[in-house]
Amino acid sequence: MPEKVIILDFGSQTTQLIARRLRELNVYCEIVPYNKFPENAPDVIGVILSGSPFSVNDSEAFKPNLSFVRNKYPVLGICYGAQYLAYSSGGKVEKGNSREYGRARLTPADRNDDLMKNIDDGVQVWMSHGDTITALPKNFTVIANTADVEAAAYRIEGEKTWGVQFHPEVFHTEIGTIILDNFLTVCKAKKNWTPASFIETTVGELKKQLGGDKVILALSGGVDSSVSAVLLHKAIGKNLTCIFVDNGLLRKNEFETVMDDYEHLGLNVLGIDAKSRFYKELAGIKEPERKRKIIGKGFIEIFEQEARKLKDVKWLAQGTIYPDVIESLSITGTVIKSHHNVGGLPEKMSLKLVEPLRLLFKDEVRKVGRELGMKEYLIKRHPFPGPGLGVRILGDITPEKVRILQDADDIFISGLREWNLYDEVWQAGVILLPVNSVGVMGDERTYENAVALRAVTSTDAMTADWATLPYEFLAKISNEIINKVRGVNRVVYDISSKPPATIEWE
C-alpha cells in the first residue's frame, strides 16, 4: 500500500475537498470517521482533523481521545479540528463577537514556522465558524493571525501538531495549497501517488485478491465501470466477463451504442435485455429510495443468474467510486442517497464484491483511464446514475414516461455536442417532473408534462455549480423538445448548486 495521510472526518461539508487537495499534490489519503482511526497503520505519515457542523461546546459534538495520534504523527487541525485540539488541551473556545464567515487577511506571526513557509502578509483565507479560540493552552504558540482572530493558526511546542481556524482546502483561501504542501513536507511525503503508480499497485492487488477466480463486472457504459473493466482485464484476463443490462432506463439507443463501444477494448461483454422485468417490478413505485433498492436488487439477481450460467463465478465487480461511498455512508448515520452499487445492494449475495476504484474521485478515474490508453470519448462521457432514468422520472415509472424522457434527453445531450458545450459540462440530463401544465399548441389548449434541464460544472461531484449555458442554446433546446417530444409542453432550467441541492433530483 502507498504511504497515506488519514483525514479524520468530524462531519464538515468540505472534508472531501481536503482529500482532493492532497491528491492533487500526489499524496494518497483516506477519509475515515473521527472515531475510526485504523488500528494497524504502518503506512500512515500524517493526520488531519476536519471541520464540523458542531461547536466543541455542544453536548452532541464529536470529542474523541486524540492521544492515539498526537506525538505519534504530524497532525493538522482545521477549523473545528483546531478548536478541539485547543479545547481538549485546556484552552477556551467561545462564541465570537460576530460569526466569522467569509474572507479574511492572514499575517504570519512566525515566518520560521514550518507551516508558515512562503506565506506573505495579507493573503486571503476563508473563515467559516461561529466560535473562536479565546485562550490557548500554555504550550500553544500563535503563528498567524487576522484582524479579528488572534490565533488564526498555532503550533503545539514539543509536537509536530498545528491548528488553523480557516479552511486551507477551499478555493477562496489563496495559500491553501501552500499550507497543505508545507504540512506534507513535515510528514516527509514522497508525493509519488500517480495514475501510473495506482495502476501498478491496483493490478497487483487484484491479482493477489482474485487469484484464478472468475469475475463478472456490472458494465454501465460510463467511465467508472469502463476503467474498472480494463484494470480487471489487465489483472485476470479471460476470467473477467462483463455484463451490460438494459433495464429500460438507459438513454435513447444507449444499449446498442455501448455494446459497440467496447469492441476496441477486447472485453468479453454479454448484453441482457431486462426491460420488461424492471418495468413490472417498478410499477406504481414513487418513493426514490424504494426505486433505487428495487433497481439495485434487480441488477444483482440478474448478475447472479448469469454467474450461475457461466459456472464457478465467485466475484461481482463494480465501478464504485469515492463520492458514491461518501454519500452513501455518513459518520452521523444519515444517508444522503443510496447508490445501487453501494447502499442499494441486498444484504445477502452469493457473490463477493470487488471495487477497484472505490477510493478514487471521478477526475482521478479519468486520469487512470488515459494512462491505460482508453479512447477519449469513453473517458469524457458524463456521469450517469446507476439507477439510470429511474431517478430522473419523479414519481412512478411507466414505459411511456421513459419514452418521453429518452426523447427529451436525447435532444438536450445531442444539442450540447453540436454546440461544443458537452465537454464544458460535468453532467447533464433531463428530469421528467410529476407536473402537468396548461399550454397552447396551434388552436388547442394542452395539459401536458413539464421537464427540467439540468447541467452542472464540477471536478469531483462533491460540489457543483449550475452551468451558465447560452440563452440562445437553451431557447433552441426548449423549442425543439416542445415541438418534437409528444407529451411535453413546458421546459425549465435548474439553477441550483450543490450544496444545498444534489446533482440528481432523487
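Residues numbered from 1 in each chain as written. Predicted model: local features only at pLDDT ≥ 70, side-chain atom pairs only at ≥ 80, totals over all residues. Heavy atoms only, no water.

Looking only at helices and strands, the protein features 13 helices and 18 strands. Taking 2.2 N^0.38 as the reference for a compact globule, 506 residues should give roughly 23 Å; the C-alpha atoms of the protein span a radius of gyration of 25 Å, in line with that estimate. Taken over the C-alpha atoms alone, the protein extends approximately 75 × 65 × 40 Å along its principal axes. The proportion of buried residues among the 506 residues of the protein is 59%. Residue pairs in contact within the protein that sit at least 24 positions apart in sequence constitute 73% of those at least 6 positions apart. Surface exposure of the protein reaches about 22300 Å², of which carbon and sulfur atoms provide 48%. Counting 63 positive and 67 negative side-chain charges, the protein places the centres of these two groups 4 Å from one another. (Helix = DSSP H or I, 4+ residues; strand = E, 2+ residues; numbered from the N terminus. Rg over C-alpha atoms; globule rule 2.2 N^0.38 Å. Buried < 20%, exposed > 50% of the residue type's maximum accessible area, 1.4 Å probe, protein only. Contact = heavy atoms within 4.5 Å. Areas by Shrake-Rupley, 256 points an atom, 1.4 Å probe, with all protein chains shown as cover. Lys, Arg positive; Asp, Glu negative; His and termini not counted. Charge placed at Lys NZ, Arg CZ, Asp CG, Glu CD.)

On to helix α13 (residues 471–484), then. Here α13 spans 20 Å end to end across 14 residues, near enough to the 20 Å set by a 1.5 Å rise per residue. For α13, the set of buried residues is F473, L474, I477, S478, E480 and I481. Take α13 and look down its axis: the buried residues cluster within an arc of 170°, on one side only. Residues of α13 that are exposed and point more than 90 degrees away from the buried face comprise Y471, E472 and N483. Where the residues of α13 are buried, they touch α12 (399–418), β16 (444–457) and β18 (488–493). (Expected span 1.5 Å × (residues − 1). Arc of directions from axis to C-beta.)

Taken over all residues, the pLDDT of the protein has a mean of 89, while the share at 70 or more is 93%. The low-confidence segment residues 332–345 (pLDDT under 50) makes 46 contacts with residues lying over four places distant or belonging to another chain. (pLDDT = per-residue confidence, 0-100.)

A word on the sheet that holds strand β10 (residues 214–219). Pairing between the strands of a sheet is mediated by backbone hydrogen bonds and can be parallel or antiparallel. Strands sit in the order β12-β11-β10-β13-β14 across an open sheet of five strands; the sheet is parallel. Since the sheet does not close on itself, it has two edges, and those belong to β12 (269–273) and β14 (352–354), each with one partner. Within the sheet, the average angular offset between the axes of one strand and its neighbour, ignoring direction, is 30°. Where helix α4 (residues 195–210) meets the sheet, its contacts fall on β10, β13 (313–317) and β14, and the angle it forms with β14 comes to roughly 170°. (Pairing = 2+ DSSP bridges. Axes fitted to C-alpha atoms, helices over the stretch in contact; angles between N-to-C directions.)

Helix α10 (residues 362–371) packs onto helix α5 (residues 223–236) with a crossing angle of 45° between their chain directions and a minimal axis gap of 10 Å. Classified by the angle between their axes, α5 and α10 sit oblique to one another. Crossing hand, α5 versus α10: left-handed. Only K362, V365, R366, V368 and G369 of α10 make contact with α5, whose side of the interface consists of V223, D224 and V227. The residue makeup of the contact of α5 with α10, split by class, is four nonpolar, one polar and three charged. (Parallel < 35°, antiparallel > 145°, perpendicular 65-115°, else oblique. Left-handed = near helix turned anticlockwise from the far one by under 90°. Nonpolar A, V, L, I, M, F, W, Y, C, P; charged D, E, K, R; others polar.)

For the rest of this paragraph, the subject is the pairing of β16. Strand direction decides the pairing type here: β16 and β18, joined by five bridges, are parallel. Bridging from a neighbouring strand, N449 pairs with V488 of β18.

Checked against the element boundaries, S228 lands in helix α5. Apart from residues lying up to four places away in sequence, S228 is in contact with L217, Q318, G319, P356 and L357.

All right, on to the environment of A450 then. Positionally, A450 belongs in strand β16. As a C-alpha pair, A450 and G487 span 37 residues in sequence and 8.7 Å in three-dimensional space. Ignoring sequence-local partners within four residues, the contact set of A450 consists of I431, L432, L433, V435 and R490.

To continue, consider unusual backbone geometry. Between K498 and the following residue, P499, the backbone shows a cis peptide bond with an omega angle of -15°. Residue position: P499 is located in the segment after β18. Here the bond from P499 into P500 is cis, since omega is 10°, no more than 30 degrees from zero. Inspection of the secondary structure puts P500 in the segment after β18. We note that K311 has phi near 70°; this positive angle belongs to a residue other than glycine.

Of all hydrophobic cores here, the largest spans 50 residues; its most connected members are V245, F303, F412, L416, L469 and I481. Take this core: its biggest share by element is eight residues, from α12. With residues up to four places along the chain from it excluded, the contact list for F412 reads A428, G429, V430, L453, R454, A455, L469, F473 and I477. By size, the runner-up hydrophobic cluster in this structure holds 42 residues, among which are I7, V27, C29 and I48. (Core = buried A, V, L, I, M, F, W, Y, C linked by side-chain atoms within 4.5 Å.)

Right, let's get into the packing of α4 against α10. Between α4 and α10, the least distance of the axes is 9 Å, while the angle of their chain directions is 80°. Put simply, α4 runs roughly perpendicular to α10. Of the residues in α10, those touching α4 at P195, A196, F198 and I199 are K367, V368 and E371. Class assignment for the residues of the contact of α4 with α10 results in five nonpolar, no polar and two charged.

Glancing now at the environment of G204. Note that G204 resides in helix α4. As a C-alpha pair, G204 and K191 span 13 residues in sequence and 20 Å in three-dimensional space.

What follows concerns the pattern of salt bridges. Counting across every chain of the model gives 39 salt bridges. With its nearest N and O atoms 3.4 Å apart, the salt bridge here joins E24 to R20. Of the two residues, E24 and R20 are both situated in helix α1 (residues 15–24); the distance of four residues between them amounts to about one turn of the helix. What makes R20 buried here is its relative accessible area of 3%. Salt-bridge contacts for E376 lead to R370; the nearest nitrogen and oxygen are separated by 2.7 Å. Where salt bridges share partners, they join K252, E400, R403, D407 and R486 into one cluster. (Salt bridge = Lys/Arg side-chain N within 4 Å of Asp/Glu carboxyl O.)

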